[in-house]
Protein chains: 2
Amino acid sequence: MPSYRAPVDDALFLLNDVFHIERYGNLPGFAEATPDLIEAVLREAARLSEDVLTPLNRIGDTQGCTRLADGSVTTPTGFRDAFKQIVDGGWIGISVPEAFGGQGLPSALTETINEYFCSANMAFAMYPGLTQGAIAALLAHASQPLKDRYLPKMVTGEWTGTMNLTEPHCGTDLGLLRSKAVKQDDGSYRISGTKIFISAGEHDLSENIIHLVLARIEGAPEGTKGISLFVVPKISVNDDGSLGAPNGVTCGSLEEKMGIHGNATCVMNYDGAVGWLIGAENHGLSAMFTMMNEARLGVGVQGLAMSEVAYQNAVTYAKDRLQGRAISGVKYPDKPADPIIVHPDVRRTLMTIRAFNEAARALVMWASLKSDVAHRSGDDKQRQAADDALGLMTPVIKGVLTDLGFANTVSAQQMFGGHGYIAENGMEQFVRDARIAMIYEGANGIQALDLVGRKLGKDGGRALMEFLGELGAYIKDKNADDTMKPLVTPLGVAAGHLQQASMWFMQNALAKPDNAGAGATDYMHLFGLVALGYMWCRIAEAAAGKVAAGDGQVERYRAKLTTARFFIERMLPETATRLARIETGAASTMELPDEAF
Amino acid sequence: MPSYRAPVDDALFLLNDVFHIERYGNLPGFAEATPDLIEAVLREAARLSEDVLTPLNRIGDTQGCTRLADGSVTTPTGFRDAFKQIVDGGWIGISVPEAFGGQGLPSALTETINEYFCSANMAFAMYPGLTQGAIAALLAHASQPLKDRYLPKMVTGEWTGTMNLTEPHCGTDLGLLRSKAVKQDDGSYRISGTKIFISAGEHDLSENIIHLVLARIEGAPEGTKGISLFVVPKISVNDDGSLGAPNGVTCGSLEEKMGIHGNATCVMNYDGAVGWLIGAENHGLSAMFTMMNEARLGVGVQGLAMSEVAYQNAVTYAKDRLQGRAISGVKYPDKPADPIIVHPDVRRTLMTIRAFNEAARALVMWASLKSDVAHRSGDDKQRQAADDALGLMTPVIKGVLTDLGFANTVSAQQMFGGHGYIAENGMEQFVRDARIAMIYEGANGIQALDLVGRKLGKDGGRALMEFLGELGAYIKDKNADDTMKPLVTPLGVAAGHLQQASMWFMQNALAKPDNAGAGATDYMHLFGLVALGYMWCRIAEAAAGKVAAGDGQVERYRAKLTTARFFIERMLPETATRLARIETGAASTMELPDEAF
């Protein structure tokens, strides 16, 4: 049975020593987030993750969810009690404005807590996680009456939320959407249609479920310009906030799927269900994208979370499993064999995962601070710059953290040999669960296209130039530092590859857009390597400071310096291959006629 | 429901046009293998795979195997009938010498047929596949009486075979093995112990199961030098060949696992079971390695097979699924959207898998021809050279073809978006099934160590020097050819990286073996890229010949030239990153103390 310890110390180090959260004290909610409060909140989230959610992870996988004859859905044993603890602890609203019952704390806390919940039990963590996404969309786009009606109980978790985009014939291409909305005299709409792959669409954890649904208003234009967003409660909400009659939305069936069995993936049938418009008519996509962007960051966190828990269990196994002797000489002569952690290829695997985890966590933290500045700063220019950076990095975080997070669960499983393939050891569940994160909220190929096709060129490439500028200034600054020079010099090479690839697109993709499409995934990963490399330099800088100051945990910080070197030496050089691929262009990729396949 | 078409034309092209099988006519069994016979055999294997085995694949996954109260095991519905067709068709013994009831045909045929069976139904294909491995070990090491007693019915498939190595506390490190053998007065042994992860250990497909079992004879030395190999039938075989009483071996339980549910993975309990020694006392490991080497080639074929069937289904989906419009302009104006195959990132994925499949198939063919020369040639020098090449390439084929084969099933699943995560579409089964191939028959990290630690240095590096020599001569020869030059020039660069990495190990790993261990996996993949690149050049050469000759299927061969370019331009450059990693050495990998993890 796998175990899990939430890496609280690592989050505190990042917040306090790497990103200096105290410097953000002018943002609303940050002054309240004292170091003591942050630590207390994270330790309590850790306890909940370790003691309550982790033991339910395998139960959720084996039991799955069950749809009863009346269309209701039950979650696995223990999920209801655990969710009650989420509600009682106010975990969903940690970063929601206090006006709606939240605590208004930095979103870095929410992302960190979500990492713990997800490491402990990804299928479970999706219920509160999707609710947070729905809250974000309502906050950004709904009218005050709708906010007042729905948000308070969603923020507590008494009601949960979903997002309903996909239909059987359309996922990525929402322009093909067929669900219909017919306007009623009272200003409401009647929604009809079938939605598929709706996570947490029906379940027994909350007394109501608030669906956000994309549909086309009668007479609206075809394509993406005729799509509107609606809020559709499972059970009608009366004006006094009490629950009324069931609305016309039901779960038609549950999908049988590869993993995340504890989360109910529903086919949802809307049959004249009453809904209310969020935002303006025919502007549903942009409203939904608010939710998607929050959700994409959250999905990136899932990649990290699965990598972390898989790593921890691989480490435990590598220390316990006795097999063979170190090639450099016997290390544990009192044992019948050495633990496999002595073998370089095992070390290489563990170091690779570890080097990802720590930098990915930093990148999420970096992005969540940008998010808070973008949402809370009173300074237009700062807000703009933060929004630029967040928009640029969101597809990178979603795509790269889930691709590598999944790959890391596979590597961690590999450490177990045949025992990793056996269900009861739990490693194969991590692989199956982590797999979905590469797919949902926009498959990773779509993230790459979002990066290359939208984010790069937006506002004349302002976001990229700002990022490269920040990077260049940092590298130049640290180049004079003997500890940092061996790290920032290769980072400069990698950043040069990123710049060169960006230039290549500018010069070659305007006339031939296929040149951008064929290189998009490589570009996203090149970007990810540079971003993670940058994070390693920031981490190393702070760790070196701790070592120099003779911190009590000096070995912990020395380990970070070694891991930084490992990343820079062994993982970062991949940027050269990514660049080489991009610069070959689309010719050999696109040359074959469709019939040749 | 996934479908499958066996790529017979591709195998015929490789055998006839790339590898010129007619040039091997002096080897026993090759003269009989006329082009017509080969095609007829492969077409029949294709039919069996497509019509009989493919429809049973998902049934096998959902039903799995069942252990009854009496310890017997039933296979999924339809497996018995299908296996009867394997027996009736003589498929197991295609390449077994005629003296034991086989057909003595080239082993390239067996590998190709196994690819088809495995693409169609990997869990099923393991039953005949493991029997072939057991046959190989008996052929190489058993006494004539044992051969005569067991082989004929194993060759037909009336009896199946297994290999029993792993015990709960030992897998890779067989020196820790505890199973015991006690010699009896009649020359037999009584075997006792517990073996785990025994594929096809118990089932209802055959009337007897012949277990090959590693055990330690009473009083034998500790470690790997005291291990012997035994043949232990499930049911005793009388001197007249009839079946006698059940032997003391039973299936204690079935493992619940990630995939290959249709294959029974057994815990086997040996309780004084009667066995006979194969080969000499205490020389069991080397005998088992004969079986392992055959099996490792077969596992590499599984990686290819899963990649091929996943590719075919991804292509079908990419042509059917309408979503979005081509960025270079609408391609199918009569449809509501373009099929996703128009999108460059989808193309990139499909081309990557395709470029692997065709070259991997060639590499398997190349190795199987070496195997036949090594086993059948009358010329000592040729036999030696072929054996060198085969030994060198076996870990590369096992490790690289299963790593990339698995990665390709994941990429193919990704093409389906959310639909790939749903069980009924079958793509997620390919991922789960393919995963085991990276683990069993020596986890891929062990393959990398076998390559770097054993194969490279063996006989003063003779095998590597021969391979590099062959490669160098080929590149030099083709450099004068305008069609081939753009392919062999980058191949020369990649071969240079391989040579440089090999030199680096010679200079840096003798004193510090960790430097070899830390670079082993990267070296294996670097080797794999060079080998696949070499195969692409050979394929392109033959394809160019077909195009020049105005072959009727000229489009098919033009597609191969494009795919060759894709591989050389976009996949081969990864050798530079692999080399860079190797040359960093073990320092940052090994620096942390065990406690830091």
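All of these numbers come straight from a predicted model, not from anything done at the bench.

**Side note on the pairing of strand 6 (residues 208-217) of chain B**
Residue and element names in this part refer to chain B.
- The element strand 6 is largely enclosed, with a buried count of 10 among its 10 residues.
- Of the pairings in the sheet, the one linking strand 3 (residues 159-164) to strand 6 comprises 6 bridges and is parallel in character. Bridging from a neighbouring strand, T160 pairs with I209 of strand 6.
- For strand 4 (residues 180-183) and strand 6, the ladder comprises 2 bridges, and the chain directions are parallel. Bridge pairing links A181 to I217 in strand 6.

**A look at the interface of chain A and chain B**
- Between chain A and chain B, the contact holds 90 residues from the first and 90 residues from the second.
- A buried area of about 7,900 Å², summed over both sides, lies between chain A and chain B, and 55% of it is on carbon and sulfur atoms.
- Per-residue buried area on chain A facing chain B is highest for Y421(A), R570(A) and F597(A); these three make up 12% of the total on that side.
- Here chain A is connected to chain B by 8 salt bridges.
- The shortest N-O distance in the salt bridge between R347(B) and D594(A) comes to 2.5 Å.
- Across the contact surface, chain A and chain B share 59 residue pairs in polar contact (both at pLDDT 80 or more).

**Notes on the environment of D9(A)**
All names here are of chain A.
- With respect to the helices and strands, D9 occurs in helix 1 (residues 8-18).
- Taking the relative accessible area as the measure of exposure, D9 reaches 33% and is therefore partly exposed.
- Residues D9 and L42, 33 residues apart in the sequence, show an inter-C-alpha distance of 9.4 Å.
- Beyond its immediate chain neighbours, meaning those up to four positions away, D9 contacts R43, Q553 and R556.
- A polar contact of 2.8 Å, which involves the side chain of D9, links it to the side chain of R43.

**Focus on the nonpolar core**
- Core analysis: the biggest nonpolar cluster contains 421 residues, and Y523(A) and Y523(B) have the highest contact counts within it.
- The biggest single contributor to this core is helix 15 (residues 514-548) of chain A, with 19 residues.

**A short note on the relation of the copies chain A and chain B**
- With an RMSD of 0.0 Å, the fit of chain A onto chain B corresponds to turning through 180 degrees and sliding 0.0 Å along the axis. What we have between these two chains is a two-fold relation. Across chain A, the smallest distance between a C-alpha and the rotation axis is recorded for T577(A), namely 3.3 Å.

**Considering the packing of helix 6 (residues 122-141) of chain B against helix 8 (residues 284-320) of chain B**
Residues and elements named next belong to chain B.
- Between helix 6 and helix 8, the least distance of the axes is 8 Å, while the angle of their chain directions is 150 degrees. When the axis of helix 6 is compared with that of helix 8, the two are roughly antiparallel. Crossing angle aside, the handedness with which helix 6 passes helix 8 is right-handed. Every residue of helix 8 that contacts helix 6 at M122, M126, G133, A134, A136, A137, A140 and H141 is listed here: S286, A287, T290, M291, E294, Q302 and M306.
- Its residues placed into classes, the contact of helix 6 with helix 8 shows 9 nonpolar, 5 polar and 1 charged.

Basis of the calculations
- Residues numbered from 1 in each chain as written.
- Chains lettered and ligands numbered in written order.
- Predicted model: local features only at pLDDT ≥ 70, side-chain atom pairs only at ≥ 80, totals over all residues.
- Heavy atoms only, no water.
- Buried < 20%, exposed > 50% of the residue type's maximum accessible area, 1.4 Å probe, protein only.
- Helix = DSSP H or I, 4+ residues; strand = E, 2+ residues; numbered from the N terminus.
- Pairing = 2+ DSSP bridges.
- Contact = heavy atoms within 4.5 Å.
- Buried area = accessible area lost by both parts, 1.4 Å probe.
- Salt bridge = Lys/Arg side-chain N within 4 Å of Asp/Glu carboxyl O.
- Polar contact = N/O pair within 3.5 Å; in protein donor to acceptor, adjacent residues only side chain to side chain.
- Core = buried A, V, L, I, M, F, W, Y, C linked by side-chain atoms within 4.5 Å.
- Least-squares fit on C-alpha atoms with pLDDT ≥ 70 in both.
- Axes fitted to C-alpha atoms, helices over the stretch in contact; angles between N-to-C directions.
- Parallel < 35°, antiparallel > 145°, perpendicular 65-115°, else oblique.
- Left-handed = near helix turned anticlockwise from the far one by under 90°.
- Nonpolar A, V, L, I, M, F, W, Y, C, P; charged D, E, K, R; others polar.

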